[in-house]
Amino acid sequence: MSMGRSVRKAVIPAAGLGTRFLPATKAMPKEILPVVDRPAIQYVVEEAVEAGLSDLLMITGRNKRALEDHFDRAPDLERTLELKGDEARLDAVQHASGLGPIHYVRQGEPKGLGHAVLCAKQHVGDEPFAVLLGDDLIDENDQLLSTMIDVHAKTGGSVIALIEVDPSQISAYGCADVTPIAGEDYVRVNSLVEKPSVEEAPSNLAVIGRYVLHPAVFGVLEETGPGRGGEIQLTDALQTLAKGEGEGAGVYGVVFRGRRYDTGVKLSYLKAVITLASERAEFGEDLKTWMKAFLG
Ligand code: G1P
């Protein structure tokens, strides 16, 4: 078992068209949709920084300028807030630009998650890196990404995050067949399949949007043809690495049992907003009182 190198870089794919949220996303990237008062993507960037990843690369596309603006300085706005003496809002505005620097590369065509990750090849080079998908929010009290980085350091392989789902839900996710490793809190991934039917699914373990990848994945992605939905699937490249041997092969899984919010689907987005809002000191109690009354 080879030792992995330390992970410094995070890749955040944000090139999706956001069709599930139309018309809200007609003129605005879906990543900017607010979860309480922060864009969903800011939670993800904060999680990467919190896990010690200092080099951030966002994969964007057409109509995504708002993302760059959000993480940039805003001198006029900052001056206005300063003159008003509005320290709290000034801090909030400056916090977003203080997370970076963030690098950007555009995915010219929507050819799938695997293709989006391949767009990071030149920036990442020959070192392990994390991938964080913007639709999944991981509770800030759960150290999922740090745990995955530790598993990479121990095994040298690629690491995915898994959750147990109701079997009826598995067709919305990548699905993994795994074997426990004695004495370890991570599992070996034997095979992966993207969005299988209930009948085809090898388990009820679903891939969620956090990955720590060996750079060998780039070479594999270059050789990976279109898969499910006619798109180049990251899951298919990981299947090749799971089945392979030698440098860069081997895929491991961390089964996550903490709190995760899915902002990619309308109903779960609403649940995420309500859950996180109800935990906010400034209005959480008022919101809960109102909800009880609302529900009768
Ligand atoms: C992507 C991956 C899938 C994974 C999911 C997690 O799918 O292809 O394997 O389970 O993210 O959110 P998407 O949700 O982009 O269709």
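Everything that follows concerns the structure shown earlier in this document.
Here the residue numbering is sequential within each chain, running from 1 through the sequence in written order. Local features are withheld for residues below a pLDDT of 70 in this predicted model, meaning they are given only at 70 or higher, and side-chain atom pairs are given and counted only at 80 or more; totals for whole chains, interfaces and linings count all residues. Just so you know, side-chain values use all the structure's heavy atoms and leave hydrogens and water out.

*Asks:* Which residues make up the site of the ligand, and what values do they have?
*Replies:* Only heavy atoms are used to decide nearness, and a residue is near a molecule or strand if one of them lies within 4 Å of it. Near the ligand you find L113, L133, D136, Y173, G174, E194, K195, V207, I208, G209, Q233 and T235, and these make up its full shell. Identification of polar contacts relies on pairs of N or O atoms within 3.5 Å, with a donor-acceptor requirement for protein atoms, meaning one able to donate a hydrogen and the other able to accept it, and with residues adjacent in sequence counted only if both atoms are side-chain atoms. The separation between an oxygen atom of the ligand and a polar side-chain atom of K195 is 2.6 Å. Contact distances for the ligand include 3.2 Å between an oxygen atom and a side-chain N or O atom of T235. In the complex, 79% of the free accessible area of the ligand, which totals 380 Å², lies under the protein chains. Split into classes, the residues belonging to the shell around the ligand amount to five nonpolar, four polar and three charged. Where accessible areas are quoted, they stem from the Shrake-Rupley method and a 1.4 Å probe; at the residue level, only the protein chains shown are allowed to cover. Charged residues are taken to be Asp, Glu, Lys and Arg, nonpolar residues to be Ala, Val, Leu, Ile, Met, Phe, Trp, Tyr, Cys and Pro, and polar residues to be all remaining types, Gly included.

*Asks:* Go over the environment of G209 with me, naming the residues and quoting the values.
*Replies:* Segments assigned H or I by DSSP are reported as helices when at least four residues long, segments assigned E as strands when at least two residues long, and all are numbered from the N terminus. Position of G209 relative to the elements: it lies in strand β11 (residues 205–213). The buried category is assigned to G209, whose relative accessible area is 1%. For G209, the contacting residues outside a window of four places in its chain are V131, L132, L133 and D136. Throughout this description, buried means an accessible area under 20% of the type-specific maximum (1.4 Å probe, protein chains only), exposed means over 50%, and partly exposed covers the range between. Working rule for contacts: check all heavy atoms of both residues, and any pair within 4.5 Å makes them a contact.

*Asks:* Give a detailed account of the environment of S54, specifying residues and quantitative values.
*Replies:* With respect to the secondary-structure elements, S54 resides in the loop between α1 (40–50) and β4 (55–60). Exposure remark for S54: the relative accessible area of 54% places this residue in the exposed category. Distance from S54 to G100, taken between C-alpha atoms, is 8.0 Å for residues 46 residues apart in sequence.

*Asks:* Give me a nonpolar patch on the surface: which residues, what numbers.
*Replies:* A residue counts toward a patch only above 30% relative accessible area and without a salt bridge, and it is joined to like-charged neighbours within 9 Å or, for Val, Leu, Ile, Met, Phe, Trp and Tyr, to nonpolar neighbours within 5 Å. Whenever a carboxyl oxygen of Asp or Glu lies within 4 Å of a side-chain nitrogen of Lys or Arg, that contact is scored as a salt bridge. A grouping of W290, F294 and L295 is seen on the molecular surface, where their side chains present a nonpolar patch of about 430 Å² in accessible area. In this structure, F294 sits in helix α11 (residues 284–295).

*Asks:* Got a sec to walk through the pattern of salt bridges? Specific residues and values, please.
*Replies:* By the definition in use, this model includes 22 salt bridges. A salt bridge links D135 to K30, with the nearest nitrogen and oxygen atoms 3.2 Å apart. With D135 in the loop between β6 (129–132) and β7 (136–138) and K30 in the loop between β1 (9–13) and β2 (34–35), this pair connects stretches of sequence that are 105 residues apart. Linking R259 and D139 is a salt bridge whose minimum nitrogen-to-oxygen distance equals 3.0 Å. Taken together, the residues span a long stretch of sequence, with R259 in the loop between β12 (251–255) and β13 (260–262) and D139 in the loop between β7 and α7 (144–155) at a distance of 120 residues. Looking at R259, the relative accessible area reads 36%, which means it is partly exposed. For D139, a relative accessible area of 7% gives the class buried.

*Asks:* Describe in detail the pairing of β6, supporting the description with residues and values.
*Replies:* Residues F129 and V131 line one face of β6 and the alternating positions A130 and L132 line the opposite face, and both faces are buried. Should DSSP find at least two bridges between two strands, the strands are regarded as paired. The pairing of β1 with β6 spans three bridges and is parallel. The residue bridging A10 from the neighbouring strand is A130, located in β6. In this sheet, β11 lies alongside β6 in antiparallel orientation, the contact comprising four bridges. Along β11, the bridge assignment pairs L132 with R210.

*Asks:* Break down helix α4 (residues 87–98) for me, with residues and values.
*Replies:* By definition here, a helix of n residues has an expected span of 1.5 Å times n minus one. The first and last C-alpha atoms of α4 sit 16 Å apart over twelve residues, in line with the 16 Å expected at 1.5 Å per residue. When we look at burial in α4, the residues that qualify are L90, A96 and S97. In a view along the axis of α4, the buried residues occupy a sector of 130 degrees, so they form one face of it. Turned more than 90 degrees away from the buried face of α4 sit E87, A88 and G98, all of them exposed. Elements that come into contact with the buried residues of α4 comprise α1, α2 (65–70) and α3 (75–84). Of all possible arcs, the one meant is that of the directions from the helix axis to the C-beta atoms.

*Asks:* Talk me through unusual backbone geometry; I want residue IDs and the actual numbers.
*Replies:* Along the chain, L22 connects to P23 via a cis peptide bond; the corresponding omega equals 5 degrees. Of note, P23 is situated in the loop between β1 and β2. With a phi angle near 65 degrees, V36 is a residue other than glycine that sits in the positive phi range. Counting through the fold element by element, V36 comes out in the loop between β2 and β3 (38–39).

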